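A structural walkthrough
Listed below are the residues making up each chain.
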Amino acid sequence: MSAVLLPGSGGDSGESDVWVGRRSFLTSLIVLAVFVPVQAAAEEYVFRGWLTQAVGAFFRSPWFAVIPQAVLFAAAHGWGTKWGFIGLLVFGLVCGWLTIRTGGLEAAVALHALNNLLAFGAAAAFVDGLSSDETAADSPWQLALVDVATTLIYAALVLWLARRHHPQRLSPPVSGPA
């Protein structure tokens with residue numbers, strides 16, 4: 001199963017899955033735990049923060065801001081397979097919607113960081129797994145389907161929690177032009 005889901009882990013190339021060893025794996029996990037959340041947050045600030053606000057300032061409907069950032073987010077990860085691109089597009093749409101519904105980037109950053117930590121952590125388990133140049137855009141349909149399903153489950157959970165606990169906004173929403 002790992003050969004189908006992990007980049008550089010043997011899949012179609014005929015290579016065998018070789019465990020890197022506990023020490024290398026733990027070292028990689030420590031480095032990933034430090035840097036991946038920063039990388040994920042940076043992408044969220046660009047796509048769901050800056051770009052969504054920049055485009056959204058000109059339209060009343062949030063979808064005119066959410067859709068372009070999702071397409072650009074997916075494109076930034078490469079074109080890969082159509083399933084990988086669709087998976088990234090859904091991820092971008094869900095993160096954009098969560099940002100608007102919760103009033104902040106926190107839920108999107110958490111999802112993005114967890115998603116990347118799982119992907120890179122799994123790749124770190126295999127020799128040369130982290131040196132692969134494949135991205136989520138190169139995902140086979142099986143992995144894209146799992147990613148879409150978990151993204152939608154996460155979004156449903158966050159939206160359910162937001163309805164129950166009403167996230168606190170520190171400033172009132174800015175009204176549009178008169």
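Since the model is a prediction, treat every value here as computed from it, not as a measurement.

**What about the overall build of the protein?**
The helix and strand inventory of the protein stands at 6 helices and 0 strands. Secondary structure elements of the protein, listed N to C terminal, follow the sequence α-α-α-α-α-α. Accessible surface, the protein: about 11200 Å² in total, of which carbon and sulfur atoms supply 68%.

**Some remarks on the pattern of salt bridges**
Inspection of every chain in the model, using the stated rule, returns 1 salt bridge. Taking the shortest distance from any N to any O, the salt bridge between Arg-48 and Glu-44 comes out at 2.7 Å. Here Glu-44 and Arg-48 lie together in helix α2 (residues 22–56), a separation of 4 residues that amounts to about one turn. You can call Arg-48 buried: its relative accessible area is 2%. For Glu-44, a relative accessible area of 0% translates into the label buried.

**A short note on the environment of Arg-163**
With respect to the element layout, Arg-163 can be found in helix α6 (residues 141–165). Considering only alpha carbons, one finds Arg-163 and Arg-101, 62 residues apart in sequence, at a separation of 9.7 Å.

**Things to note about the packing of aromatic side chains**
One pair of aromatic rings is described through two measures. These are the centre distance and the angle between the planes. Tallied over the full model, the rule gives 6 aromatic pairs. A centroid spacing of 5.5 Å and a plane angle of 80° characterise the contact between Phe-47 and Phe-73, whose relative ring orientation is edge-to-face. With Phe-47 in helix α2 and Phe-73 in helix α3 (residues 63–76), this pair connects stretches of sequence that are 26 residues apart. Assigned by exposure class, Phe-47 and Phe-73 land together as buried. Grouped by ring-pair contacts, the aromatic residues Phe-47, Phe-73 and Phe-91 constitute a single cluster. When the ring centre of Phe-73 is taken as origin, the NZ or CZ atom of Arg-48, which lies over that ring, is 4.3 Å away.

**A closer look at the packing of α2 against α3**
One way to put it is that α2 packs onto α3 with a least axis distance of 8 Å and a crossing angle of 145°. Between α2 and α3 lies a crossing of right-handed hand. Residue-level contacts link Glu-43, Phe-47, Arg-48, Leu-51, Thr-52, Val-55 and Gly-56 of α2 to Phe-64, Ala-65, Pro-68, Gln-69, Leu-72, Phe-73 and Ala-76 of α3. Its residues assigned to classes, the contact of α2 with α3 comprises 9 nonpolar, 3 polar and 2 charged.

Criteria and cut-off values
- Residues numbered from 1 in each chain as written.
- Predicted model: local features only at pLDDT ≥ 70, side-chain atom pairs only at ≥ 80, totals over all residues.
- Heavy atoms only, no water.
- Helix = DSSP H or I, 4+ residues; strand = E, 2+ residues; numbered from the N terminus.
- Areas by Shrake-Rupley, 256 points an atom, 1.4 Å probe, with all protein chains shown as cover.
- Salt bridge = Lys/Arg side-chain N within 4 Å of Asp/Glu carboxyl O.
- Buried < 20%, exposed > 50% of the residue type's maximum accessible area, 1.4 Å probe, protein only.
- Phe/Tyr/Trp six-rings, centres within 6.5 Å; stacked < 30°, edge-to-face > 60°.
- Lys NZ or Arg CZ within 6 Å of the ring centre and 35° of its normal.
- Axes fitted to C-alpha atoms, helices over the stretch in contact; angles between N-to-C directions.
- Left-handed = near helix turned anticlockwise from the far one by under 90°.
- Contact = heavy atoms within 4.5 Å.
- Nonpolar A, V, L, I, M, F, W, Y, C, P; charged D, E, K, R; others polar.

Just distances and angles here, no functional claims.
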